[in-house]
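Examination of the molecular architecture
So the chains spell out like this:
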Amino acid sequence: MTRTLLSRTAIAVLLALGLAGPAFAHAHLKSAVPAVDGTVAAAPSELDLTFSEAINLKLSGVKVTGPDGGAVATTGAMLMNADTTLMVALPAGLKPGSYKVDWHALARDGHATHGSYGFTVKP
Ligand SMILES: [Cu+2]
């Protein structure tokens, strides 16, 4: 009796773990505009970061560093595409050079992820 109950519990736990896997994935950066490590001919007016999962706007964000090492002010962060794409506006007329984007994201399962990439604005 006890043994049957234990194995039933074990099976239930294994099933729950197996089913929980895909539903509780972390938010990984899938793509970005401008592209990760890409070069653009004109100064972009916004950044779009698309994640593998829906993210929490208040607990996600980006820090952009310009060619001179200074912080670039971003504004108007919002989510699109069923909350998987984070969009932030950039100041007009970004100077040519290399930019670094440090991002952090909180997925709906409560897991935080972060990373960084660069993009270049052509002279
Ligand atoms: Cu997760």
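It should be noted that the structure appears before, not after, this text.
This is a predicted model, so every value here is computed, not measured. Throughout this description, residue numbers start from 1 for each chain and increase along the sequence as written. Local features are withheld for residues below a pLDDT of 70 in this predicted model, meaning they are given only at 70 or higher, and side-chain atom pairs are given and counted only at 80 or more; totals for whole chains, interfaces and linings count all residues. Side-chain calculation: all heavy atoms of the structure are included, whereas hydrogens and water are not.

**Focus on the sheet that holds strand 8 (residues 97-106)**
Paired strands, in this sense, are two strands between which DSSP finds at least two bridges. Numbering of helices and strands runs from the N terminus; a helix is a DSSP stretch of H or I covering at least four residues, while a strand is a stretch of E covering at least two. The five strands lie next to each other as 2-9-8-4-5, forming an open sheet whose pairing is mixed. Strands at the two margins of the open sheet, each flanked by one partner only, are strand 2 (39-40) and strand 5 (71-72). As judged from the two bridges shared by strand 2 and strand 9 (residues 112-121), these two strands associate in the parallel manner. When the sheet's bridge partners are listed, V40 is paired in strand 9 with V121.

**Observations concerning the coordination of the copper ion**
Listed donors are limited to N, O and S atoms within 2.8 Å of the metal, widened to 3.2 Å for Na, K and Ca; water is not among them, so incomplete-looking sites are possible. Protein coordination of the copper ion is provided by H26 (ND1), D109 (OD) and H111 (ND1), with donor distances spanning 2.0 to 2.1 Å. A simple rule labels every residue: compare its accessible area, found with a 1.4 Å probe on the protein chains alone, to the largest value its type can have, and call it buried under 20%, exposed over 50%, or partly exposed in between. Using a relative accessible area of 22% as the deciding quantity, one classes D109 as partly exposed.

**Thoughts on the environment of P123**
Here P123 lies in the segment after strand 9. C-alpha of P123 to C-alpha of G97: the two residues are 26 residues apart in sequence and 7.0 Å apart in space.

**Some details on the nonpolar core**
The tendency in soluble globular proteins is for nonpolar side chains to be buried as a group. Core analysis: the biggest nonpolar cluster contains 23 residues, and L47, L49, F51 and V62 have the highest contact counts within it. Of all the secondary-structure elements, those providing two or more residues to this core are strand 3 (46-51), strand 4 (61-65), strand 7 (85-89), strand 8 and strand 9. The element best represented in this core is strand 8, accounting for four residues. Not counting residues up to four positions away in its chain, the partners in contact with L47 are V33, P34, V64, L86, M87, V88, L90, V101 and F119. In this description, a nonpolar core means a group of buried Ala, Val, Leu, Ile, Met, Phe, Trp, Tyr and Cys residues linked to one another through side-chain atoms lying within 4.5 Å. Residue contacts are defined here by distance: any two heavy atoms, one from each residue, within 4.5 Å place the two residues in contact.

**What about the sheet that holds strand 7?**
Here four strands make up an open sheet; going across it, the order is 1-3-7-6 and the pairing antiparallel. Looking along the sheet, the strands with just one partner apiece sit at the ends: strand 1 (29-33) and strand 6 (75-80). The mean angle between the axes of side-by-side strands here comes to 15 degrees, regardless of whether they run parallel or antiparallel. Across four bridges, the pairing between strand 6 and strand 7 is antiparallel. Considered in strand 7, the bridge of T75 is made with A89. For helices, the fitted line uses only the C-alpha atoms of the stretch in contact; every axis is such a line through C-alpha atoms, and the angle between N-to-C directions lies from 0 to 180 degrees.

**A short note on the pairing of strand 3**
Taken across its six residues, strand 3 has five buried, putting it largely inside the fold. As judged from the five bridges shared by strand 3 and strand 7, these two strands associate in the antiparallel manner. Looking at strand 7, one finds that T50 is bridged to T85.

**Re the pattern of salt bridges**
Criterion for a salt bridge: a side-chain nitrogen of Lys or Arg within 4 Å of a carboxyl oxygen of Asp or Glu. One pass over the structure, following the stated rule, counts three salt bridges. Between D83 and R108 there is a salt bridge whose closest N-O contact spans 2.7 Å. Here the residue D83 occupies a position in the loop between strand 6 and strand 7, and R108 occupies one in the loop between strand 8 and strand 9, the gap between them amounting to 25 residues. A relative accessible area of 27% means that D83 is categorised as partly exposed. D102 serves as the salt-bridge partner of K100, at 3.5 Å between the closest nitrogen and oxygen.

**Notes on unusual backbone geometry**
Residue V33 is joined to P34 through a cis peptide bond whose omega torsion reads -10 degrees. Relative to the elements of secondary structure, P34 occurs in the loop between strand 1 and strand 2. Not every positive phi belongs to a glycine, and D37 is a case in point at roughly 60 degrees. Backbone geometry at A82 places phi at a positive 55 degrees, although glycine is not the residue there.

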